[in-house]
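# Summary of the model geometry
Take a look at the letters that make up each chain.
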Amino acid sequence: MRDTARGHRPLLRTAGRLERTTMKEPLLRLENLACGYHQQTVVKGLKLELAAGEIACLLGPSGCGKTTTLRAIAGLEPVTAGAISIQGKQVSGPHRQLPPNQRGLGMVFQEHALFPHLTVANNVAFGLRQQSREEREERVHASLQRVRLSGLEQRYPHELSGGQQQRVAVARALVFDPKLVLMDEPLGALDKQLREQMQYEIKHIHDKLEVTVVYVTHDQSEALTMSNRICVLNEGIIEQLASPADLYERPNNAFVAQFIGENNTLPGQVTSVNGNHCQVQTDGGATVEALKVNVNASGDRTTLSLRPERVEVNPEPGKFPNVFDARVEELIYLGDHIRTRASVCGQTDFIVKIPNASEHAVLQAGDVVTFGWSAEDCRALDVYQGA
């Protein structure tokens, strides 16, 4: 059974803030978790531990197993192997399945699932029927105050905006002070501006309450914004588990590099290895110096990974070991930067992001310039298997 992420790094030894601390009993533990449906295993031997107060995103392409994992944690999906523990208590296993209402979880879905015939206050109070009236009112008031909806208690869902409806769903998930909240693409139905606003609101609520959150999304920028750590899933296994900065700056393999953010890829073959660096002959005929990440020896096939913002246009002589002629093919104005597509090293879809700042390079389609980058910013990874 696989117990490390692809790239041969231990799952829980990444460089983020939470990962460096010695974790006590984790609030959530997935041990060799396997589950699926229709006799198909979707999640395969997943290992994951979350500390109290952590917010972690499950991120990956459609069908990777992220929602299935979340549903298994909630008790909505049976486990075929392994176990799930919450606060040290096993809640799921091949021979144990604690019902969802006994797990002490808060849940928020993409569809708000508000009762249209109930007021905001009664929607939030729906799960508190065992409490006294005074306690219900106190908890509802506190929960609505957290999401800045005080004064709207007597409105009905159809009288609220999409963002307000989602806040009601969040308030309902938090009203009984759960230790763990599960969110399944809760902002997917909102427009871009409102979605970004709600990302910050949920993050600020989390930071204030220090509740543990498992957040499922397919939106990479949302995952980078929201998380202490991001778990990138592909075909039911963990490709990499790391802080947002580590994941973006130091992807362990070609899949993660290509999936997270925009990325230039240069396929080629290693011609020499010198310590942490290697020389690569690209398929376009260029010789590139790169950081050796998961290649081993001369002759290995590799995919070079380079972020567009790490490329400098017309650098000073001697500044970089990698300097190549480039022909500008297309310029797209995006406000804060100009997205520049160029032909370089035999690739016609090489992207550079030129900041829209004073004294930035002014280019025209057809210009021939030089691009330069450091070896540390160019990662020699495994062969990319995607389209």
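Remember, predicted model here, so these are calculated numbers, not experimental data. Numbering of residues starts from 1 in each chain and follows the order in which that chain's sequence is written. Only residues with pLDDT of at least 70 get local features here, since the model is predicted, and only at 80 or more are side-chain atom pairs given and counted; chain-wide, interface and lining totals rely on the full set of residues. Calculated side-chain values reflect all of the structure's heavy atoms, with hydrogen atoms and water omitted.

## Let's talk about helix α4 (residues 133-146)
For α4, with 14 residues, the first-to-last C-alpha span of 20 Å sits near the 20 Å given by 1.5 Å per residue. For every residue, the accessible area obtained with a 1.4 Å probe (protein chains only) is divided by the maximum for its type, and the residue is called buried under 20%, exposed over 50%, and partly exposed between those limits. Under the scheme used here, helices are H or I runs from DSSP no shorter than 4 residues and strands are E runs no shorter than 2 residues, and both carry numbers assigned from the N terminus. Every buried residue of α4 is accounted for by Val-140, Ser-143 and Leu-144. Around the axis of α4, the buried residues are gathered within 95° of arc, so they sit on the same side. Opposite the packed face of α4, turned more than 90 degrees from it, sit the exposed residues Glu-134 and Glu-138. Residues of α4 that are buried make contact with α3 (120-124) and α5 (162-174). Phi for Arg-148, located one or two positions after α4, is positive at around 60°. Helix span, expected: 1.5 Å multiplied by one less than the number of residues in the helix. Working definition: the arc comes from the directions between the helix axis and the C-beta atoms, pointing outward to the latter. By definition, residues are in contact when any of their heavy atoms lie within 4.5 Å.

## A word on the pairing of strand β22 (residues 368-373)
Inspection of the sheet shows strand β18 (residues 312-313) paired to β22 by 2 bridges, in the antiparallel sense. Note on β22: the bridge partner recorded for Val-313 is Phe-371. Pairing between strand β19 (residues 322-333) and β22: 6 bridges, direction antiparallel. The residue bridging Ala-326 from the neighbouring strand is Val-369, located in β22. Here the rule is simple: two strands pair whenever DSSP picks up at least two bridges between them.

## Comments concerning the pattern of salt bridges
We define a salt bridge as a contact between a side-chain nitrogen of Lys or Arg and a carboxyl oxygen of Asp or Glu at a distance within 4 Å. Within this structure, the stated rule accounts for 20 salt bridges. For Glu-201, the salt bridge identified is with Arg-167, shortest N-O distance 3.1 Å. Within this pair, whereas Glu-201 is found in helix α6 (residues 192-209), its partner Arg-167 is found in helix α5, the two being separated by 34 residues in sequence. Across the pair, exposure class does not vary: Glu-201 and Arg-167 are buried alike.

## Comments concerning unusual backbone geometry
Here Glu-210, not a glycine, exhibits a phi torsion of approximately 55°, which is positive. Along the chain, the position of Glu-210 falls in the loop between α6 and β11 (212-217). Owing to a relative accessible area of 60%, Glu-210 belongs among the exposed residues under this scheme. Of note, the phi angle at Glu-235 is positive, near 55°, even though the residue is not glycine. Among the secondary structure elements, Glu-235 is positioned in the loop between β12 (229-234) and β13 (237-242).

## Re the packing of α4 against α5
Here an axis means a line fitted to C-alpha atoms, over the contact stretch when the element is a helix, while the angle between two N-to-C directions is reported on a 0 to 180 degree scale. Contact pair α4 / α5: the axes reach a minimum separation of 9 Å and the direction vectors enclose 135°. Looking at the two axes, α4 sits oblique to α5. Here α4 runs over α5; the crossing is right-handed. Here α4 contributes Ser-143, Leu-144 and Arg-146 to the contact with α5, which in turn contributes Ala-171, Arg-172 and Leu-174. Charged residues are taken to be Asp, Glu, Lys and Arg, nonpolar residues to be Ala, Val, Leu, Ile, Met, Phe, Trp, Tyr, Cys and Pro, and polar residues to be all remaining types, Gly included. Split by residue class, the contact of α4 with α5 holds 3 nonpolar, 1 polar and 2 charged. By definition in this entry, angles of less than 35 degrees are roughly parallel, angles greater than 145 are roughly antiparallel, angles of 65 to 115 are roughly perpendicular, and the rest are oblique. Should the near helix be turned anticlockwise from the far one by less than a right angle, the crossing is termed left-handed; should it be turned clockwise, right-handed.

## Topic: the state of the cysteines
In protein chemistry, a disulfide is the covalent bond that joins the sulfur atoms of two cysteines. By definition, disulfides here are pairs of cysteine sulfur atoms that lie within 2.5 Å. Tallied over the full model, the rule gives 0 disulfides. Left without a disulfide partner, Cys-378 is nearest to the cysteine sulfur of Cys-278, which lies 8.3 Å away. When its relative accessible area of 0% is taken as the criterion, Cys-378 is described as buried.

## With respect to the side chain of Glu-185
In this structure, Glu-185 sits in the loop between β10 (180-184) and α6. Residues scored as charged are limited to Lys and Arg (positive) and Asp and Glu (negative), so that His and the chain ends carry no count. Of the side chains with opposite charge, Lys-66 comes closest to the buried, unpaired Glu-185, at an N-O distance of 4.9 Å. When residues no more than four places from it in sequence are discounted, the contact partners of Glu-185 are Lys-66, Gln-110, Val-216, Thr-217 and His-218.

## Thoughts on the sheet that holds β19
Pairing between the strands of a sheet is mediated by backbone hydrogen bonds and can be parallel or antiparallel. Taken in spatial order, the 5 strands line up as β18-β22-β19-β20-β21 in an open sheet, and their pairing is antiparallel. Either end of the sheet is taken by a strand with one partner, and the two such strands are β18 and β21 (347-355).

## Let's talk about the packing of aromatic side chains
Within 6.5 Å between ring centres, the rings of Phe, Tyr and Trp (the latter by its six-membered ring) count as paired, and their orientation is classed by plane angle as stacked under 30 degrees, edge-to-face over 60, tilted in between. Applying the stated criterion across every chain, the model contains 5 aromatic pairs. Summarising the aromatic geometry, the rings of Phe-255 and Phe-259 are spaced 5.7 Å apart at their centres and angled 10° between planes, so their arrangement reads as stacked. Placement of the pair is Phe-255 and Phe-259 together in helix α9 (residues 254-259), with a separation of 4 residues, close to one helical turn. With 5.3 Å between their ring centres and 35° between their planes, Phe-324 and Trp-373 make a pair best called tilted. With Phe-324 in strand β19 and Trp-373 in strand β22, the pair connects residues that are 49 residues apart, well separated along the chain. For Trp-373, a relative accessible area of 0% corresponds to the buried category.

## Overview of α5
With 13 residues, α5 extends 19 Å from end C-alpha to end C-alpha; this agrees with the ideal 18 Å at 1.5 Å per step. Summarising burial for α5: 11 of the 13 residues are buried, a large majority. Inspection of α5 places Gly-163, Gln-165, Gln-166, Arg-167, Val-168, Ala-169, Val-170, Ala-171, Arg-172, Ala-173 and Leu-174 among the buried residues, and these make up the whole buried set. On its buried face, α5 sits against β9 (105-109), α3, α4, β10 and α6.

## Some points on the environment of Gly-127
With respect to the secondary-structure elements, Gly-127 resides in the loop between α3 and α4. Look at Gly-127 and you get exposed, because its relative accessible area is 59%. Taking the C-alpha atoms as reference, Gly-127 lies 8.0 Å from Phe-176; in sequence the two are 49 residues apart.

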